[in-house]
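Summary of the model geometry
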Amino acid sequence: MADQLQVIRGMHDILPSDMPVWNQLEDEYRALAESYGYRQIRTPIVEKTALFARSIGEVTDIVEKEMYSFADRNGDSLSLRPENTASVVRAGLQAGLLQDQQHRLWYSGPMFRHERPQKGRYRQFHQLGAETFGMPGADIEAELILMAARFWKRLGLEDIELQVNSLGSSACRQAFRAVLVAYFRDHYQSLDDDSRRRLESNPLRILDSKNPEMQLLIEAAPTLQDSLDAESRDHFDELLDILDKTAVPYRVNRRLVRGLDYYCHTVFEWVTETLGAQGTVCGGGRYDGLVEQLGGRPNFAAGFSMGCERLVSMLADQGRARGETGSDVYFVMRGANSVARAQQLAESLRDRLPRLELIVHAGGGSFKSQMRKADRSGARIALILAESEMEAGTVAVKFLREERPQEEVRQNEIATRLSSFLD
Ligand code: ATP
Ligand code: MG
C-alpha cells in the first residue's frame, strides 16, 4: 500500500462532526453583523506579497518570517493572506468604494501564518472580522466593541475581558516613539536580537514582544499615556464614556499595543484566562493610516478580527457548542422494484417538503442492516417500503425515538402526514 499523506503541520481538517459548532459561529456572526448593517465582502486568499509588506510592515514577525510566499509562474511574489484587513482595503480602493464614503463590512475566512503550532495557534486558522471606513470618531469604535460584546452574549460565552488603550494620533505616536527609543537605547544590553533590529525601524513593536526575558524591561518602559495630546485624550474619553453608558465592562491596559503598524487612537483586545497561553480571541482598533499607505486618499478606518479556533474551543469548554443532529427521515426498502419506487416517492417528498432532511438508503443489504443504519443516522422516522406496502400502495411510518405505534400511510398522503409529525 502507498504511504498515506497527512495534513500539513499546523493545519486541520474540520470534519463533519466538527461542523455544527463552526456553523453555529458563522451563522451567528453573519446574523449579528447584518443586524448592525454590515455588508459581507470576500477577497482572494492569495495577494501580491507587496500588499502585506506595505500594510503590515517589512519589519514585523508576520512579514519577516510567517508568510507563505511563493513565486507565481510569471515570477511575481505572491502570499497566502496572513490577515484580511489589507486585502479589504485593497479591494475597496480598487472598486472605488473608499473615497468620501462610509462603509461597514464583515468577512469570514481562512488566514495563513507560519508560526510554531500549539494549542490555539495554527498555520491555517480562521477569522471573523469587521472593517469600517469613513468614520473618524470613537462612536464607531464603540459600535465595534458593542457588536463583539453582543456576539459573546449570543454565543453564551463567559469570562472574556475587554482591554482598551489609546495609541493617540500619529503625532503622539511619533513623540512616544522618540521617548521609547531613548529608553530602549539606555537598556541596549538587555534587548534580544529582534528588538535590537526593531529599535530604529519600529520600536513600538518591541512592546509587543512575546519573549519572556524581555517582559521586565517592557513593563518598566514609559507608557503612551504621558505622550497623549488633548485631542487624543478626548477621543479616548468619549469611547470610555460610551462604554460606561452602554454598560460594557472594560479595563484600560496601558501596555496594550497591537502588533500591526497601521493602528492609531483606540486599540482593544478581548482576552480570556480560560484558554491558557493563547487567550486573545479578538483584536482590533483604528487604523486611519492604512488607506493612504496603500495608495488611496486618506480615509478613516476601524475594525476587528476574531480567531475562530479559539472561540470553538471556548464554546466546547463552556458546554455551548451545538452538537450534531440527526436527519428527519431514513427511507428503507425491500423486494422487487422497491428501490426505484422509493426514489420516486422520495423525490416527490422533496418537491413537497424542500426542508425535509431525508436519507434514502443506498447500497443494498438486508432489511435488518438497513434498519440499523436508520437508527444510527439519528433519524426520528423510518419510512418502510416492503412487499406488503408495494402491493397496498402505502408506506409504513415507524417512529424510531418515541413509543408510538407504526402507521400505514397511503403513498400520496405521506408528505402531509410527515409535515404534521415533524413540526
Ligand atoms: P496573537 O497575539 O495571539 O499572536 P495577533 O495579535 O497576532 O494574536 P491578530 O493578527 O490581531 O492576532 O488576529 C486576530 C485574532 O486572530 C487573534 O486575536 C487570534 O484570536 C486569532 N489568531 C491570530 N493568529 C492565530 C493563529 N496562528 N492561530 C489561531 N488563531 C490566531
Ligand atoms: Mg501573532
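Residues numbered from 1 in each chain as written. Chains lettered and ligands numbered in written order. Predicted model: local features only at pLDDT ≥ 70, side-chain atom pairs only at ≥ 80, totals over all residues. Heavy atoms only, no water.

A short note on the overall build of the protein chain
Looking only at helices and strands, the protein chain features 15 helices and 16 strands. The C-alpha atoms of the protein chain give 28 Å as radius of gyration, which overshoots the globular expectation for 423 residues (22 Å, by more than 25%). For the protein chain, the spread of C-alpha atoms along the principal axes amounts to about 95 × 60 × 45 Å. For the protein chain, the share of sequence-separated contacts (at least 6 apart) that also reach a separation of at least 24 residues comes to 70%. If you sum the accessible surface of the protein chain, you get close to 21200 Å²; carbon and sulfur atoms cover 48% of it. Distance between charge centres in the protein chain, computed from 53 positive and 62 negative side chains, equals 3 Å. (Helix = DSSP H or I, 4+ residues; strand = E, 2+ residues; numbered from the N terminus. Rg over C-alpha atoms; globule rule 2.2 N^0.38 Å. Contact = heavy atoms within 4.5 Å. Areas by Shrake-Rupley, 256 points an atom, 1.4 Å probe, with all protein chains shown as cover. Lys, Arg positive; Asp, Glu negative; His and termini not counted. Charge placed at Lys NZ, Arg CZ, Asp CG, Glu CD.)

Side note on the sheet that holds strand S4 (residues 77-80)
Overall, antiparallel pairing links the three strands, which are arranged S2-S4-S3 in an open sheet. The open sheet terminates on both sides in strands that have one partner only, identified here as strand S2 (46-48) and strand S3 (69-71). Across the sheet, the mean angle from the axis of one strand to that of its neighbour is 35°, orientation sign disregarded. (Pairing = 2+ DSSP bridges. Axes fitted to C-alpha atoms, helices over the stretch in contact; angles between N-to-C directions.)

Looking at helix H11 (residues 308-317)
Structural remark: α-helix, 3.6 residues per turn; residues separated by three or four positions point the same way. Of all the ten residues making up H11, seven are buried; the element is thus mostly covered by neighbouring parts of the structure. Buried within H11 are the following residues: Cys308, Glu309, Arg310, Leu311, Val312, Met314 and Leu315. On its buried face, H11 sits against helix H1 (19-35), strand S6 (124-133), helix H5 (138-155), strand S10 (280-286) and strand S11 (301-307). Looking one or two places after H11, you find glycine 319, whose phi comes out positive at around 65°. (Buried < 20%, exposed > 50% of the residue type's maximum accessible area, 1.4 Å probe, protein only.)

Brief notes about unusual backbone geometry
Unusually for a residue other than glycine, aspartate 159 sits at a positive phi of about 65°. Within the fold, aspartate 159 resides in the loop between H5 and strand S7 (161-166).

Re the pairing of strand S14 (residues 381-385)
By the criterion of burial, S14 is predominantly enclosed, with five of the five residues buried. Residues Ile381, Leu383 and Leu385 of S14 are buried on one face, and the alternating residues Ala382 and Ile384, pointing to the opposite face, are buried as well. Of the pairings in the sheet, the one linking strand S12 (residues 329-333) to S14 comprises five bridges and is parallel in character. Directly across from phenylalanine 331, in S14, lies its bridge partner leucine 383. One ladder, built from four bridges, connects S14 with strand S15 (residues 394-399); its direction is antiparallel. Bridge assignment links leucine 383 to a residue of S15, and that residue is valine 397.

Some remarks on the site of ligand 1
Taken together, 15 residues lie around ligand 1, and Arg113, Glu115, Arg121, Arg258 and Thr280 are the ones closest in. Take glycine 307: an N or O atom from its main chain is 3.4 Å from an oxygen atom of ligand 1. When ligand 1 is considered free in solution it has 580 Å² of accessible area, and contact with the protein chains removes 91% of it. Of all elements in the fold, only S6, S10 and S11 reach the threshold of two or more residues within the shell around ligand 1. When the residues that make up the shell around ligand 1 are grouped by side-chain class, the tally is four nonpolar, five polar and six charged. (Near = heavy atom within 4 Å. Polar contact = N/O pair within 3.5 Å; in protein donor to acceptor, adjacent residues only side chain to side chain. Nonpolar A, V, L, I, M, F, W, Y, C, P; charged D, E, K, R; others polar.)

With respect to the domain arrangement of the protein chain
Considered domain by domain, the protein chain is made up of domain 1 (19-169 + 229-317) and domain 2 (329-422). Each of domain 1 and domain 2 has a C-alpha centre, and the two are 49 Å apart. (Domains from an automatic or database assignment.)

Description of a negative patch on the surface
A surface patch of like charges, here negative, comprises Asp139, Glu231, Asp234, Asp237 and Glu238. Per-element tally for the negative patch: the top contributor is helix H9 (residues 230-245), with four residues. Looking at the element boundaries, aspartate 234 is found in helix H9. Classification of aspartate 234 as exposed rests on a relative accessible area of 52%. (Patch = residues over 30% accessible without salt bridge, like charges linked within 9 Å, V, L, I, M, F, W, Y side chains within 5 Å. Salt bridge = Lys/Arg side-chain N within 4 Å of Asp/Glu carboxyl O.)

Topic: a nonpolar patch on the surface
A cluster of nonpolar side chains, Ile45, Val46 and Phe70, forms an exposed patch at the surface whose accessible area comes to about 210 Å². Among the structural elements, valine 46 can be located in strand S2.

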